[in-house]
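# Structural features, examined
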Amino acid sequence: MRASTAIKKELVGIIRQRKLALEQRTASPSQDLLSHLLFSSDENGRFLTEAEIVNNILVLLFAGHDTSTIAITFLMKILGELPLVYDKVLAGHLRLMKLGTLEQMDIAAAKTEGELLQWEDIQKMKYSWNVVSEVLRLWPPVNGGFREALLFWSPSLTQRDQNFFPNIENFDASRFEEAGPAPFSYVPFGGGPRMCLGKEFARMEILIFLHNVVKRFKWDLLVPDEKFAYFPVPNPVNGLPILLQPHEL
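Let us look at the structure shown here.

## Considering the packing of helix 3 (residues 50–81) against helix 6 (residues 126–138)
The contact between helix 3 and helix 6 brings their axes to 9 Å, and the two run at 110 degrees. It follows from the interaxial angle that helix 3 and helix 6 lie roughly perpendicular. In this structure, helix 3 contributes A71, F74, L75, I78 and L79 to the contact, and helix 6 contributes V131, V132, V135 and L136. A class-by-class count of the residues in the contact of helix 3 with helix 6 yields nine nonpolar, no polar and no charged.

Here's what the structure looks like:
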């Protein structure tokens, strides 16, 4: 509670500074999420209160951080366990640097060493996102959630239903090719009009991390059969220690 109070106090100060900057036109209404939350009103002309903005930012900080961290952790686990999957992911990302041969071939010609990824590059990492999606199927960062009428949905159960995902324990990124899984059978981000707002941000964040780590390193898991537990999100009990090995390119 003390930590939450301290963070809220800091956020209030940041919000008031930004509000003043917007009034003085030294900040833009479209600058970032904070400006948007301060500047936008609902259909009745009502603006969010200071407390509501603080709570929205807290959700972004904590829900977005823990879920992405867990997804990346299990992605590292899978790529350390399955060398064929790792090699295929690596080939696609090296192609961005004019060194590989599989996915993203049409953007290779314009990509130079040290050039930052663009949104178009992210969109073309299809196999890499299929791998991430299969990681999220097996280890969804969120164990469930509530909707109206006390409906509880659980990705952990739905995404391991043999009727939708044959050989449920096998890692198979091809499940997400073409049309992919049946509607509402794969729900790590929820579904319908209340699907997680952070889905596309999470996709960008995870794929950028994947691109930057896989093009530089291969790794071995130091605890190959490490167990994981929920606290409340899934976590490897030993923190997933790995041994990084730089590529010799």
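There is more to say after this.
## Quick notes on the pattern of salt bridges
This structure, assessed with the given rule, holds nine salt bridges. Linking R18 and D32 is a salt bridge whose minimum nitrogen-to-oxygen distance equals 2.8 Å. Placement of R18 in helix 1 (residues 2–23) and of D32 in the loop between helix 1 and helix 2 (33–39) is noted, with a sequence separation of 14 residues between them. With relative accessibility at 31%, the residue D32 sits in the partly exposed group. For R46, the salt bridge is made with E52, and the minimal N-O distance between the two is 2.8 Å. Each of E134, R137 and R175 takes part in salt bridges that share partners, so that together they form one network.

## A word on the packing of aromatic side chains
This model, assessed by the stated rule, comprises five aromatic pairs. With a centroid separation of 4.9 Å and an interplanar angle of 15 degrees, the aromatic rings of F74 and W139 are classed as stacked. Note that F74 is positioned in helix 3 and W139 in the loop between helix 6 and strand 1 (145–147), a separation of 65 residues in sequence. You'll find F74 and W139 in the same group, each marked buried. With a centroid separation of 5.5 Å and 85 degrees between ring planes, the pair formed by F74 and F228 is classed as edge-to-face. Taken together, the positions of F74 in helix 3 and F228 in strand 4 (residues 228–230) put the pair 154 residues apart, joining distant regions of the chain. Taken together, the ring pairs in this structure connect F74, W139 and F228 into an aromatic cluster.

## Some thoughts on the nonpolar core
Membership of the largest hydrophobic core comes to 41 residues, with the highest contact counts inside it found for L75, L79, V89, V131 and F171. Sorting the residues of this core by element identifies helix 3, helix 4 (83–95), helix 6, helix 8 (199–214) and strand 3 (217–221) as the ones contributing at least two each. The leading source of residues in this core is helix 3, at eight residues. Not counting residues up to four positions away in its chain, the partners in contact with V131 are L75, L79, V85, V89, F171 and A173. Formed by 13 residues, the second largest nonpolar core is a distinct cluster that contains L22, L38, I53 and L58.

## Some remarks on helix 1
Relative to the 32 Å expected for 22 residues at 1.5 Å per residue, helix 1 spans 32 Å between its end C-alpha atoms, a close match to the ideal helical length. Here helix 1 has its buried residues at L11, V12, I15, R18, A21 and L22. On its buried face, helix 1 sits against helix 2 and helix 3. Just past helix 1, the residue R25 takes up positive phi, approximately 60 degrees.

## Considering unusual backbone geometry
With a phi angle near 60 degrees, R25 is a residue other than glycine that sits in the positive phi range. As for its placement among the helices and strands, R25 is situated in the loop between helix 1 and helix 2. In this model, E178 sits at a positive phi of 55 degrees, which is unusual for a non-glycine residue. By the secondary structure assignment, E178 is in the loop between helix 7 (155–158) and helix 8.

Criteria and cut-off values
- Residues numbered from 1 in each chain as written.
- Predicted model: local features only at pLDDT ≥ 70, side-chain atom pairs only at ≥ 80, totals over all residues.
- Heavy atoms only, no water.
- Axes fitted to C-alpha atoms, helices over the stretch in contact; angles between N-to-C directions.
- Helix = DSSP H or I, 4+ residues; strand = E, 2+ residues; numbered from the N terminus.
- Parallel < 35°, antiparallel > 145°, perpendicular 65-115°, else oblique.
- Contact = heavy atoms within 4.5 Å.
- Nonpolar A, V, L, I, M, F, W, Y, C, P; charged D, E, K, R; others polar.
- Salt bridge = Lys/Arg side-chain N within 4 Å of Asp/Glu carboxyl O.
- Buried < 20%, exposed > 50% of the residue type's maximum accessible area, 1.4 Å probe, protein only.
- Phe/Tyr/Trp six-rings, centres within 6.5 Å; stacked < 30°, edge-to-face > 60°.
- Core = buried A, V, L, I, M, F, W, Y, C linked by side-chain atoms within 4.5 Å.
- Expected span 1.5 Å × (residues − 1).

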